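Take a look at the letters that make up each chain.
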Amino acid sequence: MLIALEFLADATVGMLAGRIGGWLRNRQAVRRRLDAATGTVFIGLGITLAAQR
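Now for a description of the structure that goes with this document. A quick note: this is a predicted structure, and the numbers were derived from the prediction, not measured.

### A word on the overall build of the chain
Item 1. The helix and strand tally for the chain stands at two helices and zero strands.
Item 2. Against the globule reference of 10 Å for 53 residues, the chain gives a C-alpha radius of gyration of 17 Å, more extended than a compact globule.
Item 3. Considered along the principal axes of its C-alpha atoms, the chain spans approximately 45 × 35 × 5 Å.
Item 4. Here the chain holds 53 residues, and 2% of them are scored as buried.
Item 5. Entry remark: accessible area of the chain is about 5,000 Å², with carbon and sulfur atoms responsible for 69%.

As structure tokens, then:
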């Protein structure tokens with residue numbers, strides 16, 4: 001039963017990711033914002049890592 005539920009959850013995530021990916025390919029402004037947000041997160045993580053002893 002657990003395997004069936006996991007398969008259902010993974011299949012749902014996979015299908016949604018495919019649709020969202022197709023939507024993002026056609027929207028340059030959204031991609032730029034996501035790239036900026038991702039870059040900001042990475043810079044923040046780098047600063048946090050550099051501040052560690």
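Right, picking up where we left off after that structure.
### Observations concerning the packing of helix 1 (residues 2-25) against helix 2 (residues 28-51)
Item 1. Following both chains from N to C, one finds helix 1 and helix 2 inclined at 105 degrees, their axes separated by 7 Å at the closest point. Here helix 1 is positioned roughly perpendicular relative to helix 2, judged by the angle of their axes. Residues Trp23, Leu24 and Arg25 of helix 1 form the contact with helix 2, whose participating residues are Gln28, Val30, Arg31 and Leu34.
Item 2. Class assignment of the residues belonging to the contact of helix 1 with helix 2 gives a composition of four nonpolar, one polar and two charged.

Here is what the cut-offs are and how they apply
- Residues numbered from 1 in each chain as written.
- Predicted model: local features only at pLDDT ≥ 70, side-chain atom pairs only at ≥ 80, totals over all residues.
- Heavy atoms only, no water.
- Helix = DSSP H or I, 4+ residues; strand = E, 2+ residues; numbered from the N terminus.
- Rg over C-alpha atoms; globule rule 2.2 N^0.38 Å.
- Buried < 20%, exposed > 50% of the residue type's maximum accessible area, 1.4 Å probe, protein only.
- Areas by Shrake-Rupley, 256 points an atom, 1.4 Å probe, with all protein chains shown as cover.
- Axes fitted to C-alpha atoms, helices over the stretch in contact; angles between N-to-C directions.
- Parallel < 35°, antiparallel > 145°, perpendicular 65-115°, else oblique.
- Contact = heavy atoms within 4.5 Å.
- Nonpolar A, V, L, I, M, F, W, Y, C, P; charged D, E, K, R; others polar.

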